[in-house]
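# Structure at a glance
Okay, here's what each chain looks like letter by letter:
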Amino acid sequence: GVMVDTCVPGTPSPEVCDGVDNNCNGAVDDGIPSTPTSCGVGACASTGTLSCVGGVMVDTCVPGTPSPEVCDSIDNNCNGLVDDGITSTPTTCGVGACASTGTLSCVGGAMVDSCTPGTPSAETCNGIDDDCDGLVDDGLLIRIGATYYSSLQTAYDSAGEGSVIQTQDIQL
């Protein structure tokens, strides 16, 4: 008897990452190009490479770690939404008749206060700080009898403890 080899070589095929020499050139998984990859969103976005390693395609991309959201036009918590969940807070501004309210909110990556104080007006004797300088009815002269005072408080202080100032005695 003669030994007959019935082995027929396989048909070469394009190389794929599977731990086999598919193209029959003597090298396993050769010529498979690495490709760039990306992963994560917002501040967690990252890049890596998809490569054939030991017959398996491996992506080296690892997304960054999320952090609490802050008002900076960046998706810090990596949920796909920029500056989301930042709570608006009420604010106040101005004094006297100019006092107003507003809201501190995140707008375009910056905290913006919508509070705008009112416009000052000439001071009148009405118990209100009309000129918005923090002093009520300032700059007015008050006459009690023959004496002029710059404020009702000054007149009261000058009159002395126990004195009574009647409103009919006050003239502007």
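Residues numbered from 1 in each chain as written. Predicted model: local features only at pLDDT ≥ 70, side-chain atom pairs only at ≥ 80, totals over all residues. Heavy atoms only, no water.

## Quick notes on the sheet that holds strand 4 (residues 89-93)
- Overall, antiparallel pairing links the three strands, which are arranged 4-5-6 in an open sheet. Of all the strands in the sheet, just strand 4 and strand 6 (110-113) have a single pairing partner and so form its edges. Going from strand to strand, the sheet's axes swing by 30° on average, the running direction of each strand aside.
- Bridging between strand 4 and strand 5 (residues 100-107) involves five bridges; their strand directions are antiparallel. Looking at strand 5, one finds that Pro90 is bridged to Thr103. (Pairing = 2+ DSSP bridges. Helix = DSSP H or I, 4+ residues; strand = E, 2+ residues; numbered from the N terminus. Axes fitted to C-alpha atoms, helices over the stretch in contact; angles between N-to-C directions.)

## Comments concerning the sheet that holds strand 1 (residues 35-39)
- The three strands lie next to each other as 1-2-3, forming an open sheet whose pairing is antiparallel. If you trace the sheet from one side to the other, it starts and ends with strand 1 and strand 3 (56-59), each paired once. The average angle at which neighbouring strand axes cross in this sheet is 30°, direction not considered.
- Taken together, the five bridges between strand 1 and strand 2 (residues 46-53) define a ladder with antiparallel strand orientation. Within strand 2, the residue paired with Cys39 across the bridge is Ser46.

## Here's the deal with unusual backbone geometry
- Residues other than glycine seldom take positive phi values, yet Cys24 does so here, at roughly 55°.
- In this structure, Asp29 takes a positive phi of about 50° despite not being glycine.
- Within the secondary structure layout, Asp29 lies in the segment before strand 1.

## Concerning the side chain of Thr37
- Here Thr37 shows up in strand 1.
- Among the residues examined, Thr37 registers a relative accessible area of 15% and is labelled buried.
- Ignoring sequence-local partners within four residues, the contact set of Thr37 consists of Ser46, Thr47, Gly48, Thr49, Leu50, Asp59 and Cys61. (Buried < 20%, exposed > 50% of the residue type's maximum accessible area, 1.4 Å probe, protein only. Contact = heavy atoms within 4.5 Å.)

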